[in-house]
Structures are given as C-alpha cells and as structure tokens.
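As a plain string of letters, each chain reads:
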Amino acid sequence: MDKNELIGKTADFVRNTLKDAEGGHDWWHIYRVWNNANLIAKTEQADMLVVELAALLHDIADSKFHGGDEEIGPQTASTFLKSINVDDITIHHVQQIIRYLSFKSSFDEVIFTSKELQIVQDADRLDAIGAIGIARAFSYGGFKGREFYDPAIKPNLSMTKAEYKNTTAPTINHFYEKLLQLKDKMNTTTGKKLAKQRHSFMESYLEQFYAEWEASVSV
Ligand code: ADP
Ligand code: NI
C-alpha cells in the first residue's frame, strides 16, 4: 500500500472506532488535530507518514475511558497498523507519540520526544484551546456531571498528576488548571502563533462569562 492508502485506511478505522465517542474526543476531534498537524508541519521537517498516523490514532483508546490503562492506546494502534503492514519502525514511533503526547505526561520527566511528536502535540493542544477548546471543556464537564462554575471553589494551580486525573472541580477551573497554560507549552512556530490567538479568545470569553454571572454586563 502506498502512503495515501495507509492514511486513508487508518482514517476509516478511526472514524469507525470512535463513532459513539463523547463529543470532545470523537472523530471530529481527530479530524481537526489531523488538519492542524498538516498545517503545522508545512513549516517543519518531519516524516509525514508518522505525523499523520499519530494524529489519527492518538486518542484511539484514551485511558480516561478505559479504567486508567495507559497502554491500551499504543497497543490498539500497533495491532491496527500491523494489520495493514506498516513497517515496525513507523509503528514504534507512532506508539511512542501516543504514549507521551498527553497533558498528563507533562507532569512526568520527558522520556521521549521527536519533531513528529512535537507537531502532533501542538495540533492536539490547539484543539484544547480557543472556541473549540471551550466547547470541548464544557462537553467533557457535562459528560462528567460537573458544574460550570462555583465562585467558592478556587482553581488549583499546582496540581499533582493524580489530582489532575481525579478532579471533580467545576469546568471553569479547568481553564486555569490546564487550558490557559497551553500557549506557553507550544513547541513549533506555527503552533505558537495559533495558540496566541486562541488564548486571547479564551481570556475574552472568561471576562464575558464572569460579567454575565454577576449580571454586570452594561445595557
Ligand atoms: P490529555 O489527554 O492531554 O491529558 P485530556 O484528554 O485530559 O488531555 O483532555 C482532552 C479534552 O478534555 C480537552 O479538551 C480538555 O480540556 C477536556 N478536559 C479534560 N479534563 C477536563 C476537566 N477536568 N474539565 C473539563 N474539561 C476537561
Ligand atoms: Ni486528542
């Protein structure tokens, strides 16, 4: 199979596997990350087969929805890629990217990195901020039954990994605990530029949110 066929087959597999997924982690999240990754990679030197396969497979089996098992994603990706005869070096690289991509791993020491990981990581982070990021946060919060906001519950800016994974705090807190921190963690030039715009949009959003909460918007 040539590169385009491998990518097409992988996209079909992912679309089909994620058809009943929660709104923030569904096929359309993958579609946006895949597009973001292609855009970012235009100004980087990278192995595009690895970038596209990793973008497509990065959330194929998220540990959050599989009892905390962090190996299920890389394992599912590898089994699929073997079935379409992708070479072992590419499979291993895609697995490493899936393992070390997530925000949760930023609590740990950096064990693996590569240009391809940096591109997919930026692409995934961009989808967690801006207008889409806001929609995803409230979708995830709704899925978990969280409140939007509680003025008495302050964000925890120095969370441990365990606290981050187990928090039940309102969704607005997540903006401070993760979303507003992402712009300073971007790896690539294009990623940084796009993150800046999306970051200021979230700041305006929060301003408006608090104003409406207290009915202090001028009429
Ligand atoms: P990662 O896998 O990088 O740790 P997550 O899977 O936690 O990232 O985040 C995926 C999406 O779910 C993001 O859009 C994120 O904002 C949202 N999300 C994760 N945790 C929360 C939370 N506690 N409240 C609201 N949204 C969340
Ligand atoms: Ni993702």
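Refer to the structure printed above.
Residues numbered from 1 in each chain as written. Chains lettered and ligands numbered in written order. Predicted model: local features only at pLDDT ≥ 70, side-chain atom pairs only at ≥ 80, totals over all residues. Heavy atoms only, no water.

A.B. asks: Sorry if this is basic, but what is going on with the overall build of the protein here?
C.D. replies: Across its full length, the protein holds ten helices and zero strands. Shown N-terminal to C-terminal, the secondary structure of the protein runs as helices and strands in the order α-α-α-α-α-α-α-α-α-α. Relative to the 2.2 N^0.38 estimate, which gives 17 Å for 219 residues, the radius of gyration of the protein is 18 Å and therefore close to what a compact globule would have. Once the C-alpha set of the protein is aligned to its principal axes, its extents read approximately 60 × 35 × 35 Å. Out of the 219 residues belonging to the protein, those deemed buried represent 47%. With the model as given, the accessible surface of the protein reaches about 11,400 Å², and the carbon-plus-sulfur share is 52%. Computed over 25 positive and 31 negative side-chain charges, the separation of the two mean positions in the protein equals 2 Å. (Helix = DSSP H or I, 4+ residues; strand = E, 2+ residues; numbered from the N terminus. Rg over C-alpha atoms; globule rule 2.2 N^0.38 Å. Buried < 20%, exposed > 50% of the residue type's maximum accessible area, 1.4 Å probe, protein only. Areas by Shrake-Rupley, 256 points an atom, 1.4 Å probe, with all protein chains shown as cover. Lys, Arg positive; Asp, Glu negative; His and termini not counted. Charge placed at Lys NZ, Arg CZ, Asp CG, Glu CD.)

A.B. asks: Where do I start with helix 5 (residues 88-100) in this structure?
C.D. replies: When the terminal C-alpha atoms of helix 5 are compared, their 18 Å separation across 13 residues agrees well with the 18 Å that a helix rising 1.5 Å per residue should span. Taken together, the buried positions of helix 5 are occupied by Thr 90, Ile 91, His 93, Val 94, Gln 95, Gln 96, Ile 97 and Ile 98. Residues of helix 5 that are buried in the fold lie against helix 3 (48-57), helix 4 (72-83) and helix 6 (115-126). Where helix 5 starts, the residue carrying a side-chain oxygen 3.2 Å from the main-chain nitrogen of Ile 89 turns out to be Asp 87. (Expected span 1.5 Å × (residues − 1). Contact = heavy atoms within 4.5 Å. Polar contact = N/O pair within 3.5 Å; in protein donor to acceptor, adjacent residues only side chain to side chain.)

A.B. asks: Help me out: how do you make sense of the nonpolar core in this one?
C.D. replies: Within soluble globular proteins, side chains that are nonpolar tend to cluster in buried spots. Ranked by internal contacts, the top residues of the largest apolar core, which has 55 residues, are Val 14, Leu 56, Leu 57, Leu 81, Val 94, Ile 97 and Phe 175. Sort the elements by how many residues they give to this core and helix 3 lands first, with eight residues. Those residues in contact with Val 14, other than ones at most four positions away along the chain, are Trp 27, Ile 30, Leu 56, Leu 57 and Ile 60. (Core = buried A, V, L, I, M, F, W, Y, C linked by side-chain atoms within 4.5 Å.)

A.B. asks: Explain the coordination of the nickel ion (ligand 2) here, please?
C.D. replies: Within the protein, the atoms that donate to the nickel ion (ligand 2) are His 29 (NE2), His 58 (NE2), Asp 59 (OD) and Asp 124 (OD), at distances of 2.1 to 2.3 Å. Between the four donor atoms coordinating the nickel ion (ligand 2), the angles at the centre fall across 85 to 173 degrees, so the site counts as irregular. If you list the donors of the nickel ion (ligand 2) from N- to C-terminus, the spacing comes out as H-x28-H-D-x64-D. Pair noted here: His 58 is in the loop between helix 3 and helix 4 and Asp 124 is in helix 6, with a separation of 66 residues, a long-range link. Of the two residues examined, His 58 and Asp 124, each falls in the buried class. (Donors = N, O, S within 2.8 Å, 3.2 Å for Na, K, Ca; no water. Tetrahedral: all angles 85-135°; square planar, octahedral: opposite > 155°, others 65-115°.)

A.B. asks: Please clarify how unusual backbone geometry should be interpreted in this entry.
C.D. replies: Trans peptide bonds make up the majority, and among non-glycine residues the majority have a negative phi. Residue Asn 85 is not a glycine yet carries a positive backbone phi of 65 degrees. Turning to its location among the elements, Asn 85 is positioned in the loop between helix 4 and helix 5. With a phi angle near 50 degrees, Ala 215 is a residue other than glycine that sits in the positive phi range. For Ala 215, a relative accessible area of 65% puts it in the exposed group.

A.B. asks: Explain the packing of helix 1 (residues 3-17) against helix 3 here, please?
C.D. replies: Helix packing geometry: the angle between the two helix axes and the distance between the axes. Interaxial distance between helix 1 and helix 3 falls to 9 Å at its minimum, and their mutual angle equals 5 degrees. Accordingly, the angle class assigned to the pair helix 1 and helix 3 is roughly parallel. For the pair formed by helix 1 and helix 3, the contact residues are Lys 3, Leu 6, Ile 7, Thr 10, Ala 11, Phe 13 and Val 14 on the first element and Met 48, Leu 49, Glu 52, Leu 53, Leu 56 and Leu 57 on the second. The residue inventory of the contact of helix 1 with helix 3, partitioned by class, reads ten nonpolar, one polar and two charged. (Axes fitted to C-alpha atoms, helices over the stretch in contact; angles between N-to-C directions. Parallel < 35°, antiparallel > 145°, perpendicular 65-115°, else oblique. Nonpolar A, V, L, I, M, F, W, Y, C, P; charged D, E, K, R; others polar.)

A.B. asks: Sorry if this is basic, but what is going on with the packing of aromatic side chains here?
C.D. replies: Remark: the centre distance and the inter-plane angle together describe each pair of aromatic rings, the angle taken between the planes. If you walk through the whole model with that rule in mind, you get 14 aromatic pairs. Look at Trp 27 and Tyr 31: their rings are 6.5 Å apart centre to centre, the planes differ by 55 degrees, and that puts the pair in the tilted class. In this pair, Trp 27 and Tyr 31 are both assigned in helix 2 (residues 27-41), four residues apart and thus about one turn of the helix distant. Ring geometry for Phe 175 versus Tyr 205: centroids 6.1 Å apart, planes at 15 degrees, classification stacked. Here the residue Phe 175 occupies a position in helix 9 (residues 171-177), and Tyr 205 occupies one in helix 10 (residues 189-213), the gap between them amounting to 30 residues. Phe 175 gets classed as buried once you look at its relative accessible area, which sits at 0%. Looking at Tyr 205, the relative accessible area reads 26%, which means it is partly exposed. Here a set of aromatic residues connected by ring pairs shows up, and it is made of Phe 138, Phe 148, Tyr 149, Phe 175, Tyr 205, Phe 209, Tyr 210 and Trp 213. Between the NZ or CZ atom of Arg 15 and the centre of the ring of Trp 27, over which it lies, the distance is 4.7 Å. (Phe/Tyr/Trp six-rings, centres within 6.5 Å; stacked < 30°, edge-to-face > 60°. Lys NZ or Arg CZ within 6 Å of the ring centre and 35° of its normal.)

By themselves, these observations are geometric and do not establish any function.
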